[in-house]
Each structure stands twice: as structure tokens, then as C-alpha cells.
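Listed below, chain by chain, are the residues.
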Amino acid sequence: MAQIFSRSADTWLRLVALAACAGLVGSVSVALLMQRSDYRTGRGWIPAQPLPFSHAHHAGELRIDCRYCHAGVERAAVAGLPPTYTCMSCHSQVWADSPVLEPLRRSLRERQPLHWARVVRLPDYVRFAHAVHVRAGVACAQCHGAVERMPLTYKAEPLDMAQCLDCHRDPAPHLRPPSAVTLADWHTDEDRRVLGERLMRERHIDPRGLTDCSVCHR
Ligand code: HEC
Ligand code: HEC
Ligand code: HEC
Ligand code: HEC
Ligand code: HEC
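Being a predicted model, the structure only gives us computed values, none of them experimental.

Caption draft 1: Structural view of the coordination of the iron atom of ligand 3. Distances from the iron atom of ligand 3 to its protein donors, His-130 (NE2) and His-144 (NE2), fall at 2.0 to 2.1 Å. A relative accessible area of 19% means that His-130 is categorised as buried. The partly exposed category is assigned to His-144, whose relative accessible area is 25%.

Here it is, written out as C-alpha cells:
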């Protein structure tokens, strides 16, 4: 067969083909890594907020219960963010003239709510409700990490489909008595699986079907 390309052109073509293959393999691996990377899930990201609210101070040191500020968490789909007057119940006296709290006072004067930037957010095609989880005994920390130690709030867990499914396949070892879901220093000597299975029986939680697509996607 007659040679179509010169010898040097052939070498170049091979090199280009090799580089193309390497590039393809490379980008596929990067794509696979990105699937669970913090870049994709936004884990660890601290968004800018109207003022530097510290969970470490309020929930950690002052030990204010999560539900004081996130009042919907036990009975609604959304946990809710606290309105300005919840903060002012203390800050009309404590640190009342502090410049850091000026956005809070302005919000009260102008009757405009503070616009907190969201830290965790699911895509619209996913269904999620706090109340069922909190009442089933899934602790806040299971999905949000040690919030009471965060000076500024960040997303501590990926909260991607894999994390949801890990628990939905076998919730028992992750459950606590519902009265303990907000406690940072909760501890039990009982075996977590034994405790979890007892709690599930008591609360009639049936794990069958919890991994069906239709549970979270409609
Ligand atoms: C139960 C009382 C209470 C409530 C409710 C409360 N705070 Fe505070 N806050 C305090 C106290 C006490 C301090 C002073 C902490 C210190 O310096 O030891 C403080 C300090 C602060 C500071 C100063 C920075 C820091 O963390 O030291 C900011 C900002 C702040 N609070 C914002 C808020 C916002 C926003 C809300 C509402 C979402 C709120 N607080 C609700 C009691 C409260
Ligand atoms: C004094 C009021 C207060 C208390 C107590 C409190 N929070 Fe918050 N929380 C806030 C405010 C204000 C924001 C919005 C600003 C921010 O993200 O830091 C917030 C934001 C959050 C967010 C981020 C939500 C999002 O998507 O933007 C999570 C998660 C959260 N809180 C969990 C908790 C948990 C868990 C506890 C109990 C350990 C708790 N909070 C106690 C006031 C409070
Ligand atoms: C099973 C996992 C899970 C548990 C348990 C959980 N959360 Fe959440 N939380 C989420 C997810 C997912 C979102 C984002 C929801 C969305 O974007 O629709 C969220 C959002 C939030 C928000 C901001 C948006 C909102 O719903 O108002 C706050 C505040 C919050 N959680 C607080 C809490 C507190 C406090 C607890 C414990 C009492 C808790 N969460 C328990 C998964 C969880
Ligand atoms: C650590 C355990 C755990 C994690 C993590 C978890 N879940 Fe669940 N989820 C449960 C349990 C337990 C139930 C069953 C509660 C019941 O039947 O009372 C449940 C029930 C549900 C339901 C059914 C609610 C209903 O109305 O019947 C939805 C929807 C759901 N979860 C969505 C999610 C999504 C989305 C995520 C991830 C962002 C998630 N869950 C993460 C434990 C978990
Ligand atoms: C327990 C809740 C839950 C169940 C059950 C579930 N998903 Fe998801 N799914 C999620 C969450 C949360 C996300 C969004 C976060 C993410 O991209 O991982 C998601 C995202 C997706 C996406 C977009 C993926 C992407 O990479 O952008 C697809 C497609 C999907 N789910 C398909 C399914 C199918 C098919 C099933 C049934 C076999 C299923 N899901 C069951 C929670 C669930």
C-alpha cells in the first residue's frame, strides 16, 4: 500500500492521537472526582452575611437551643431563620450600641428583614422535610455538622444524594431519642443499632421503600 503520509507526519499524528486519548482519560477522571468533590457540593464554603453571627457564641457558649431560632424544625418542612425580633429579645439590652449590630437595628427601624445568605440548599427537584427527620430522631449534627462550634456558618456535610441514601438504606445506627436531636454532648452506653431499632419500632418507622426514587423525586 502506498504511503499516504510522510514518516514524520505519521509520528506527529500518533503523538496527537496519544495526547487526545490522554486528555480524554484525564477529563473523565476529573469529572468523576468532581462528582463528590467539595467544589461540586459546596462543602466548607462560608458565604458573606449581613453581620457576623456566631453559632459558636450563641448555640455553643450561651447554649441557646437550636429551636429557639429555627422554630419550624420539628413541625414543618423548613427550619426557618430567626426574625429580627428574636435577636432583639436579647440585643435590645446586650451589646445594644455595638457597631457590629447596626444592620440588626437598621432592620428593626426600617422594618426590613435581614437577608441571610443560604448555606445549604437542595436543587428544586429534590423533596425534603425537616419535621419527619427531627421527629424520627435524626440529629441536626448528622446533616449539618458541629454547628455549635462554628464562628461563621458553613456547609459541613455534602448533603448529596449519596449521603441521603447511605442513611435511608439503614437508618437505625444513626438515630437518637428525638429529645436529644439538638444536643452537642449527647452520649449513650447502649449499642447504637439496638437503640435505633428499638426507637424505630416505638415510632413505627418502616425503612422499606425509603430508597425509592419517588420518595425524594416527584
Ligand atoms: C439569649 C440572648 C441572645 C439572643 C437571642 C441573641 N444573642 Fe447575640 N449575643 C448575646 C450575648 C450575651 C452576646 C455577647 C457574647 C459575648 O461577647 O460573650 C452576643 C453577641 C452577639 C454578637 C457579637 C459578636 C459575637 O458573637 O461575639 C453578634 C453579631 C450577635 N450577638 C448577633 C446576634 C443575632 C444576629 C441574633 C439573632 C439571630 C442574636 N445575636 C441573638 C445574646 C444573644
Ligand atoms: C440565636 C439564634 C440561633 C441559634 C440558637 C441557632 N441558630 Fe442556626 N442560624 C441562625 C442565623 C441568624 C442563621 C443565618 C446566618 C448564618 O448562616 O450564620 C442560622 C443559620 C443556620 C444554618 C444554615 C442554614 C442555611 O441554609 O443558610 C444551619 C444549618 C443552622 N443555623 C443550624 C443550627 C443548629 C443545628 C443550631 C443548634 C445547635 C442552631 N442553628 C442554633 C440563628 C441561630
Ligand atoms: C436529614 C438531614 C437534616 C437534618 C437531620 C436537619 N437538617 Fe437542616 N437542612 C437539611 C437540608 C437538606 C437543608 C436544605 C433544604 C432545602 O434547600 O430545601 C437544610 C436546611 C436547614 C436550614 C435553612 C433552611 C430552612 O430549612 O429554613 C436551617 C436553619 C436548618 N436546616 C437547621 C436545622 C436544625 C436546627 C436541625 C436540627 C433540629 C436540622 N436542620 C436538621 C438537612 C437536615
Ligand atoms: C441520618 C439519616 C437520614 C439522612 C442523612 C437522611 N434521611 Fe431522609 N429519612 C430518614 C428517616 C429515618 C426517614 C423516615 C422517617 C419516618 O418514616 O418517620 C426519612 C424520611 C425521608 C422522607 C420521607 C418523608 C415523608 O414525607 O414521608 C424524605 C422525602 C426524605 N427522608 C428525604 C431525605 C433527603 C432528600 C435527604 C438528603 C438531603 C435525607 N432524607 C437524608 C433518615 C435520613
Ligand atoms: C433519599 C433521597 C433520594 C432518593 C431516594 C433518590 N435521590 Fe436522587 N437526588 C437526591 C438529592 C439530594 C439530589 C441532589 C444532590 C446531588 O446532586 O447529589 C439528587 C440528585 C439526583 C439526580 C441529579 C444527579 C446529578 O448528578 O446532578 C438524578 C438524575 C437522581 N437524583 C436520580 C435518582 C434516581 C433514579 C433515584 C432512584 C433510584 C433517586 N435519585 C433516588 C436525593 C435522592
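So, next bit.
Caption draft 2: View of the coordination of the iron atom of ligand 5. The protein atoms that coordinate the iron atom of ligand 5 are Met-161 (SD) and His-217 (NE2), at distances spanning 2.0 Å. Taken together, the 6 donor atoms surrounding the iron atom of ligand 5 define angles of 85 to 179° at the centre, an arrangement classified as octahedral. With Met-161 in helix α9 (residues 161–169) and His-217 in the segment after α11 (213–216), this residue pair connects regions lying 56 residues apart in the sequence.

Caption draft 3: Region of the structure containing the packing of helix α5 (residues 84–91) against helix α6 (residues 102–109). Two elements in contact, α5 and α6, have axes separated by 10 Å at closest approach and are oriented at 120°. As the angle between them shows, α5 and α6 are arranged oblique. α5 and α6 meet at a crossing whose hand is left-handed. Between α5, through Thr-84, Cys-87, Met-88 and His-91, and α6, the contact on the second element is made entirely by Leu-104, Arg-105, Ser-107 and Leu-108.

Caption draft 4: Examining helix α10 (residues 192–202) more closely. Buried within α10 we find Leu-195, Gly-196, Leu-199 and Met-200. The buried residues of α10 all sit within an arc of 135° when viewed along its axis, so they share a single face. In the stretch just after α10, His-204 is the one whose phi turns positive, near 55°.

Caption draft 5: Representation of the site of ligand 3 within the structure. Residues in close proximity to ligand 3 total 21 residues, the closest being Gly-80, His-130, Cys-140, Cys-143 and His-144. Leu-122 is positioned with one of its backbone polar atoms (N or O) 2.8 Å from an oxygen atom of ligand 3. Note that a nitrogen atom of ligand 3 is positioned 2.8 Å from one of the side-chain N or O atoms of His-130. The set of elements that each furnish at least two residues to the shell around ligand 3 consists of α7 (130–136) and α8 (140–144). Looking at the shell around ligand 3 residue by residue, the classes come out as 13 nonpolar, 6 polar and 2 charged.

Caption draft 6: Examining the nonpolar core more closely. Within the largest apolar cluster, 6 residues are counted, these being Val-138, Ala-172, Leu-175, Leu-195, Leu-199 and Met-200. Ignoring sequence-local partners within four residues, the contact set of Val-138 consists of His-133, Leu-175 and Val-181. Listed in part, the 5 residues of the second largest apolar core include Leu-51, Met-88, Leu-101 and Leu-114.

Caption draft 7: Region of the structure containing α5. Of the positions making up α5, those classed as buried are Thr-84, Thr-86, Met-88 and His-91. Considering only its buried residues, α5 is in contact with α3 (55–61), α4 (66–69) and α6.

Caption draft 8: Examining the site of ligand 2 more closely. Around ligand 2 sit 19 residues, and of these His-55, Cys-66, Cys-69, His-70 and Thr-153 come closest. Gln-49 has a polar side-chain atom sitting 3.3 Å from an oxygen atom of ligand 2. Val-120 is positioned with one of its backbone polar atoms (N or O) 2.9 Å from an oxygen atom of ligand 2. Classifying every residue of the shell around ligand 2 by side-chain character gives 12 nonpolar, 5 polar and 2 charged.

Caption draft 9: Broad picture of the packing of aromatic side chains. Tallied over the entire structure, the rule returns 1 aromatic pair. Measuring from centroid to centroid gives 6.4 Å for Phe-53 and Trp-116, while their planes differ by 65°, and the two rings are edge-to-face. Placement of the pair is Phe-53 in the loop between α2 (38–41) and α3 and Trp-116 in the loop between α6 and α7, with a sequence separation of 63 residues. Of the residues examined, Trp-116 reaches a relative accessible area of 21% and is grouped as partly exposed.

The rules we used
Residues numbered from 1 in each chain as written. Chains lettered and ligands numbered in written order. Predicted model: local features only at pLDDT ≥ 70, side-chain atom pairs only at ≥ 80, totals over all residues. Heavy atoms only, no water. Donors = N, O, S within 2.8 Å, 3.2 Å for Na, K, Ca; no water. Buried < 20%, exposed > 50% of the residue type's maximum accessible area, 1.4 Å probe, protein only. Tetrahedral: all angles 85-135°; square planar, octahedral: opposite > 155°, others 65-115°. Helix = DSSP H or I, 4+ residues; strand = E, 2+ residues; numbered from the N terminus. Axes fitted to C-alpha atoms, helices over the stretch in contact; angles between N-to-C directions. Parallel < 35°, antiparallel > 145°, perpendicular 65-115°, else oblique. Left-handed = near helix turned anticlockwise from the far one by under 90°. Contact = heavy atoms within 4.5 Å. Arc of directions from axis to C-beta. Near = heavy atom within 4 Å. Polar contact = N/O pair within 3.5 Å; in protein donor to acceptor, adjacent residues only side chain to side chain. Nonpolar A, V, L, I, M, F, W, Y, C, P; charged D, E, K, R; others polar. Core = buried A, V, L, I, M, F, W, Y, C linked by side-chain atoms within 4.5 Å. Phe/Tyr/Trp six-rings, centres within 6.5 Å; stacked < 30°, edge-to-face > 60°.

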